[in-house]
Structure formats: C-alpha cells, structure tokens
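# Close look at the chain arrangement
Each chain, written out:
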Amino acid sequence: MFSKILIANRGEIACRIIKTARKMGVATVAVYSDADQDALHVRLADEAIYIGGAPARESYLLADKILEAAKETGAQAVHPGYGFLSENADFARSCAENNIVFIGPPTTAIEAMGSKSAAKNIMEKAGVPLVPGYHGDDQNPELLRAASDEMGYPVLLKATAGGGGKGMRQVWSAQEFDEALAAAKRESLSSFGDETMLVEKYLTKPRHVEVQVFCDTLGNAVYLAERDCSVQRRHQKVIEEAPAPNMSNQLRAEMGETAVQAAQAINYTGAGTVEFLLDEDGSYYFMEMNTRLQVEHPVTEMVTGQDLVEWQLKVAYGEALPLTQKEVRVNGHAFEARIYAEDPSNDFLPVTGTLEFLRPPEESLHVRVDTGVCEGDEVSVYYDPMIAKLIVWDESRERALQRLATSLKDYRIGGTVTNLDFLYNLATSQPFANAEVDTGFIEKHHDLIFHDRQQDFEKELPLAALALLLHKQQQTPTGIKAIDPWSPWQGNGAWRLNEPHIHRLSLHCHQQEHAVEIEQRGALYIACVAGRKTHLRGELIDDVVHFDVDGHRLQGTLASTADGFTLYLSEGACHFYEVMPDTGEADSNEANAGLSAPMNGTVVTLLIEPGIDVEAGTALLVMEAMKMEHTIKAPEDGKVEVFYYAAGDLVDGGAELMQFTPSGEAV
Ligand code: ADP
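Residues numbered from 1 in each chain as written. Predicted model: local features only at pLDDT ≥ 70, side-chain atom pairs only at ≥ 80, totals over all residues. Heavy atoms only, no water.

## Here's the deal with the overall build of the protein chain
- Summing up its helical and strand segments, the protein chain has 18 helices and 38 strands in all.
- Expected size for 667 residues packed as a compact globule is a radius of gyration near 26 Å; at 28 Å, the protein chain falls within 12% of this value.
- With the C-alpha coordinates of the protein chain rotated into their principal frame, the extents come out at 90 × 60 × 50 Å.
- Among the 667 residues that make up the protein chain, the fraction classed as buried is 53%.
- Of the contacts made within the protein chain by residues no fewer than 6 positions apart, 60% connect residues no fewer than 24 positions apart.
- Here the protein chain has roughly 29,500 Å² of accessible surface; of this, 48% comes from carbon and sulfur atoms. (Helix = DSSP H or I, 4+ residues; strand = E, 2+ residues; numbered from the N terminus. Rg over C-alpha atoms; globule rule 2.2 N^0.38 Å. Buried < 20%, exposed > 50% of the residue type's maximum accessible area, 1.4 Å probe, protein only. Contact = heavy atoms within 4.5 Å. Areas by Shrake-Rupley, 256 points an atom, 1.4 Å probe, with all protein chains shown as cover.)

## As for helix 11 (residues 308–316)
- Listing the buried residues of helix 11 in full gives L308, V309, W311, Q312, L313 and V315.
- With a side-chain oxygen positioned 3.0 Å from the backbone nitrogen of V309, the residue opening helix 11 is D307.
- A positive backbone phi angle near 100 degrees is found at G318, which sits one or two residues after helix 11. (Polar contact = N/O pair within 3.5 Å; in protein donor to acceptor, adjacent residues only side chain to side chain.)

## A look at the pattern of salt bridges
- The full count for this structure, using the stated rule, is 46 salt bridges.
- The shortest N-O distance in the salt bridge between D394 and R399 comes to 3.7 Å.
- Salt bridges sharing common partners tie together R16, K23, E301, D307, E310, K314, R368 and D370. (Salt bridge = Lys/Arg side-chain N within 4 Å of Asp/Glu carboxyl O.)

## A short note on the confidence of the model for the protein chain
- Here the protein chain shows a mean pLDDT of 91. Residues at 70 or above account for 93%.
- Scored below 50 in pLDDT, residues 583–593 shows 8 contacts in the model against residues more than four places distant or in partner chains. (pLDDT = per-residue confidence, 0-100.)

## Regarding helix 4 (residues 89–97)
- Residues A89, F91, A92, S94 and C95 constitute the buried set of helix 4.
- On its buried side, helix 4 packs onto helix 3 (63–73), strand 4 (77–79), strand 5 (101–102) and helix 5 (107–114).
- One side-chain oxygen at the N-terminal end of helix 4 lies 3.0 Å from the backbone nitrogen of D90; it belongs to N88.
- A positive phi of about 60 degrees marks N99, the residue just after helix 4.

## Observations concerning unusual backbone geometry
- Geometrically, the link from Y153 to P154 is a cis peptide bond, its omega value of 0 degrees lying close to zero.
- Looking at the secondary structure, you find P154 in the loop between helix 7 (141–151) and strand 7 (155–159).
- Between A242 and the following residue, P243, the backbone shows a cis peptide bond with an omega angle of -10 degrees.
- With a phi angle near 60 degrees, A225 is a residue other than glycine that sits in the positive phi range.
- Within the secondary structure, A225 is located in strand 11 (residues 221–233).

Here it is, written out as structure tokens:
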C-alpha cells in the first residue's frame, strides 16, 4: 500500500479521505489556501502544504503547485476528491508524468466522458440505451430543429460541454425552438467556451437513478447498488438515497449490468458513477458518467458496509477489488441530506457567515456526519457553501426516513441561514414518505415544503423568556460568566429590595414583537404572555436549559449568536431577540438585510427605476455570483432611492447595493 498520499481538495471530502487513509495506516498531506489556514482538513492531516490565495484558481486548481507539494513531501499518490481537479485529464496526465499515481480512472476515460455527445457515441456503440435524440457533429440549426420536430416536443437542448445544469433549455413547441437554441448556445459559450449542442427527448417525470461502479486494473468490475437522486433543485441533488425505492430487483440488476458495460466500454478503473434517467414506464437511459467519487457515495457505503475510499486506494495501488459481484450485499436503507448555508426562500441563494453555534447530532451506527467545519468557522464566498452531509441508515426506508427527520431536527446551526428547515419539511412530507419521487418533486410540492414551522407562542415564549433571563443572570456586565448565577447582586435583572421581582421583556419572534412579563419568586417563575400565565422553573447548564412547566420536564438548547438567540426545542427552533426600549435598531437592520451583496459577484441587471414605489418582494436587482444568478428583492414596501452599481459592475460581498427607503420613513 502507499505509505503517503496527498489530498488535492478541501472541506468535508478531504477530511473523509484522511479518515480512511489513517485507518489504513497511510500518511496524509493536505494542501490549503489563505482562507483555509485553520481548516479542519489541515488539522486532521499529518502534514499540510500552503498552496496560495483563497480563490480556487489561485490554489486548489493549480495543478503544478499541487504536484510540487506532492513531490516535496514524498507523496506517492494524489486523491483529487470531487470538484476542483478531479475530472481534469491534464492533471491526471501530469501526475503520471511525474511518477505520482492519480487515484482515479485513466486519462483516456476522463477524456472520453468529458463531452456529453462523445460519451453518447461511445455508449451507443456499447449497446447502452440512450435518451432518443441527436448528438452529432453537424450543428446546422435546421438539422437540430428537424431532429426535434421528428422526435416531437418537449425536447431538451444540452451543451455537450455542459455541467452543473448550465447550457440546458427545455423546448415545449416548434415555435420556441429558435429562441431556446440561441439562448442555450449563449449560456454554453459564456460558461464553457463552446456552443456545441445536443438535443434529447425531454422526459417530463423521470427519476435520476445512478449506479456506483468499480473496476480494478486486473479486469474485474462490479456495481455497488444504485442511488436515487431525483430530489433536485436547479438540477442539483438535495437528498439522495440507496437503494432506489420502488424498483424491481430485476431492473436493479439490469441497470447495474448496463452500468458495468458502460464502464468497461472505456476501460475504466477505480470508482465511477453511471447516471441514468428512469422513465415512468421502467425504461432507462444513459445520461452521463462521472469519473470520480460522488458527493453522495456515503449512502452506498451505508447499505453495502464497504468503504469506497479504501477501495479506491487499493485499486490505485494495483490490488484486486475487495468483493466479487456475488459477494456484494445490500442491507437496509440509507439517506443523505446536504446541509448548506443557503436561503431556500430566496431561490436557494448561497449565504456566507460564521458558524457561531454548531451542534451536529450524535454519530452512531445509524447516524453519520461528514463535515469539514467546526464551530466558529466561516462559510466564505470562495467555496461551495456546503456545511455537512448528514447520512442515516436503518433497516427499512420508513425507519431510515424517521432517523433522517430526527437527526435534521437535532442538527443545530446558528449564525448563518441554512436549509435545515427546508430539508426537514421535505423529509417529513407525505409524498416523500410515499417515495413518489421524480426530478420535479420540489416544484410540484412547493407549498408542502416551503413553509415556516407553525409556532405555539403560548408555549414557546415563556420558555424563550426564561432561557433569556437565565442566560442574562449568568453574565456579568463584563460578559464573563457570574460565579453565582443566583446571586441578585451579580445578575443584571430587575431585582429590587422590597419590590416585586418582575422582569418585563419584549421579544421579537417570528416577525412580531411580544411582551412577556416574568415574576420571579425564588426558583419559581410566573410568565405572563397575552394575559395567560405559566408557572415554570428552569436551570441553564452550559447551553442546555432544563425546564419544569407545571411538573412537565423538558429540555432546550440555547444558542446565543450575533443576531439574537435560538432556543432549540423538540418541536423545532424558536429564534428571537430582545428588543431594547427606544433603539428599534434590530428592526431597521432587518429591513436592510437583503440589500447588500450576498457575496463577491457581478451586477447583471437593475430591474426597476429608482424613486418608484415597490411592494415587498419586488425583484430589484439581479447579481451573478458563484456561477448562479441571484435576485435581490425588496424586504418591505418602499422605494430604491439610488443604485450604487450599474449592470456589469463587480461588487464585493457585503457591499451596499442601493439605498432603500421603506414606505413611511423619511429619507
Ligand atoms: P449536468 O451535467 O449539467 O448536471 P445532466 O445531463 O447530468 O446535466 O442532467 C442534470 C439533470 O437534468 C438530471 O438529473 C435531470 O434531472 C435533468 N435532465 C437531464 N436530461 C434530461 C431529459 N432528457 N429529460 C428530462 N430531464 C433531464
């Protein structure tokens, strides 16, 4: 086995690879950029080499720098993870030229799958079923239109160089064709520097089912079951599962064998994924092959009991596959949810921020958390805003799904917006429980998934108020925890000698301000919200609050972050902050929250004229950042006084984009 490998990646996947290498007794070298000086992957590795600036093109995409680091540290092999250089044939070739093993397939296989149309040609010859369509070299628009007319609409135009859902256009009728073709070509040219198109029959209710394949250098090849990744937003996966539900074993085996056939057609070695579209009638079609380890590989590991990174290292070292096809077993069911710093209610806009409070659920045989961050880390503008992958396993789909829901609820993140509530709503929705999945799932069930938790203010506000009081009583005015939390001399509460001990709090919770009065009688508190009284006791130990509400014991976790507090209860999270008399500061901050640039990017277009009254939610400006378009909307009724940037301008993350005046406020 290799004695030392370099991991040409960062974040969760770098950490995940280091774990297996360590288990196998293989030393690891990490690489890091300016933004990752203190990152977890750097701390976990045996050695780490600095490779440059925070933007990936100045560090993680610098093939030469990375190879230099490998040579300098004596690493015998490079694991590229996913993304960055993982599907870069030139990098794989340079590794070989420098006598360093690239832990991945041969350069020729990467190249063969690099173009969607070339890949289709190869697969067609190998007898792998393709979505009906045209993927030839002749790009005459007349020919493309004739092919579409003949197939019948809807069709899908795809950039042959495409990826990440870009350069794709649905065409629903012949009349729309010319315009859609022009738009898809423009997008493809600007994203990939190439405008070659292919056209496919557009399936209206397909599932995305992919097969994990593995081949060694000795001619052995197996498939390790399949994954269903149908639940997608913007053609990107959100929740993945293995095995794919509602599939016969016969279909599974047939797709598995087809996937192996596809891999063998390009003399594949190592880990690969063959992606298929599975139509309602059970027909399936090759879509593309990813020549690397996938983000969602852990669900396959959970149901097969195998460590795919270990397999990768063994195959790269020239060993045989650990199992034959007959020995591969699938046991139980696994889900993976991708936890992102993003705002689902704002078109999944990625957000940045500090992970001020981070408590993942406890890991066990059933629950696995793959992450590359710790409490206090930044989600920066430079990289993918994924915080963690939550993976759960159980004996059946139903039980695994229940684990997923519980673990999502137990996942506590404060300091940045996340998609946790969205994932929870999705995981607990009836259609998902029924496994009625297809690639249109999120759109179709929009109302079920995009809603805030119904809060029970009568129950939660007294708890929130008491948690806040207990928190305050632990703080001295200098911010250092008091030695005796119960001493009236140390707290900054409303205690007065010979006067009733009443605290009056104004809590902003769920877009409303609520007055809460708490009378303190020794260890007993009587909270009054909207005229209703609750008797309760409580104790705050570290960040866990132990409540007793009329004899009913319950626990909550209190997170204190820059923008207020979150009390995590078994029903869900209750976010609140204390409104201080007269300042009103927190409110105005909130009103302006959406009007600064969420990240470094470019202004694409200004959508309204300054000075015109607009309603809350009106789209004001479109930015492009992280290769996606983001719309900045009016946070409330009001008007834009002035835009500080014009279309085409570069903007730094956090910069004010415009002056916005809410209605009723003087300029
Ligand atoms: P990319 O490489 O840009 O990710 P893919 O070809 O992998 O593009 O397709 C991404 C997603 O687009 C698929 O998972 C599926 O949801 C959808 N898709 C692709 N081709 C079709 C098709 N012919 N009909 C319907 N949906 C499709």
